[in-house]
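What follows is each chain in one-letter form.
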Amino acid sequence: MKEESSERESSTNADSKSDISKGSFWLTRIVFTRSLGFIYFVAFLVALQQNKELLGRDGLLPVPLYLSRLRQHFQVPGIATTTSDAFNAAPTLLWWITEENLDVVLDVIATAGLGLSAVLVLLGAGNALVFATLWVLYHSLVNVGQRWYSFGWESQLLETGFLAIFMCPLLSLRQFPTHSPTPWAVIWGYRWLIFRIMLGAGLIKIRGDQCWRDLTCMNYHYETQPVPNPLSYYLHQTPEAVHKLETLGNHFIELIVPFFLFLPRPFRLACGLLQILFQVTLIVSGNLSFLNWLTILPSIFCLDDRFLAPLF
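Since the model is a prediction, treat every value here as computed from it, not as a measurement.

### A closer look at empty space enclosed by the protein
Argument step 1. Taken as a whole, this structure holds one cavity of 30 Å³ or more when the rule is applied.
Argument step 2. Taken as a whole, the largest cavity spans an internal volume of roughly 50 Å³.
Argument step 3. Taken together, W26, R29, I30, T33, G124, A125, G126, C168, P169, R174, Q175 and P177 make up the full set of residues lining the largest cavity.
Argument step 4. Each residue belonging to the lining of the largest cavity can be placed in one class, and the counts come to six nonpolar, four polar and two charged.

Next comes the structure, spelled out in structure tokens:
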């Protein structure tokens, strides 16, 4: 029996290596899973550190008060209950939590999210159950987060995390699960996600402010962005010609490069690498929480196993 089991395992490993040599997405899924686990870990760590002060029983915008107003609006009878209309307005597990237990439950949700996301980072593998649980936990926070969870990266993390539910087998936690390659629908789902994010960002700039059209926005971007980094001061001092090139480069990355996704493999690889490099540039020159780190994730699916194999 042991010999048969080892033969099956070696056969599975051989099949996986054979698949990798053909340029599939086994390694891509490992890199993506660890990366998404890291983002979830940061998001739940932030929640653990500040949710009681922001949303707790005595927080700045208490969840009980928010849900109470929704109950009044939808005429929900009783405490710690809901109706379908009220739940659809704010889907969250916290509907069934009493005010006295709220702070504890907020910590439990954040701690559970930290534990599950750590599993993804450590194993480099996940399953649909783990990803679905993470999504439900974070969704429960976002939908009662009010202005504290309305910055855009929260909804982007939920969309990214939702697609991941369909990326892995239902229960297996192996990096190379038998007969479970990364579905093409998920691969193209993530490519479509980065296409929408980048093209949308580019069109908003072009249509929204004259400075993006006359190439002067970068003249004062570094000193007016939400949270400048120490490097931002020095980047601001560069000549105006450099700022114009930066603006042109931004338009190229956001308005032209996304279309590389629909071209042959060398263009898709270039798209993924350029998008990742662009986000790294934004990370070192500014600070938008985990938004830029999160935006790197869908670009990973532009890189196949043939490209990533030297890293393993």
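Picking up where we left off.
### Points about a nonpolar patch on the surface
Argument step 1. On the surface, W184, W188, W192, F259 and F262 cluster together to form a nonpolar patch covering roughly 570 Å² of accessible area.
Argument step 2. Residue placement: W188 occurs in helix 8 (residues 184-208).
Argument step 3. When its relative accessible area of 32% is taken as the criterion, W188 is described as partly exposed.

### Structural notes on the environment of L261
Argument step 1. Here L261 is to be found in the loop between helix 12 (240-256) and helix 13 (265-285).
Argument step 2. When the C-alpha positions of L261 and H221 are compared, they lie 29 Å apart, and in sequence the two are 40 residues distant.
Argument step 3. Once residues within four sequence positions are removed from consideration, L261 is found in contact with W188, R191, I194, F195, R268, C271 and C302.

### So, the pattern of salt bridges
Argument step 1. Considering all chains together, one arrives at five salt bridges under this definition.
Argument step 2. Here E159 and R196 are joined by a salt bridge, their closest N and O atoms 2.2 Å apart. Residue E159 is found in helix 7 (residues 153-164), and its partner R196 is found in helix 8; the two are separated by 37 residues along the sequence.
Argument step 3. Of the residues examined, E159 reaches a relative accessible area of 33% and is grouped as partly exposed.
Argument step 4. With relative accessibility at 35%, the residue R196 sits in the partly exposed group.

Here is what the cut-offs are and how they apply
Residues numbered from 1 in each chain as written. Predicted model: local features only at pLDDT ≥ 70, side-chain atom pairs only at ≥ 80, totals over all residues. Heavy atoms only, no water. 1 Å grid on protein atoms, 1.4 Å probe; cavity = no way out; pocket = protein on both sides within 12 Å on 5 of 7 lines; lining within 4 Å. Points joined across faces, edges and corners; volume = space filled by probe spheres on them. Nonpolar A, V, L, I, M, F, W, Y, C, P; charged D, E, K, R; others polar. Patch = residues over 30% accessible without salt bridge, like charges linked within 9 Å, V, L, I, M, F, W, Y side chains within 5 Å. Areas by Shrake-Rupley, 256 points an atom, 1.4 Å probe, with all protein chains shown as cover. Salt bridge = Lys/Arg side-chain N within 4 Å of Asp/Glu carboxyl O. Helix = DSSP H or I, 4+ residues; strand = E, 2+ residues; numbered from the N terminus. Buried < 20%, exposed > 50% of the residue type's maximum accessible area, 1.4 Å probe, protein only. Contact = heavy atoms within 4.5 Å.

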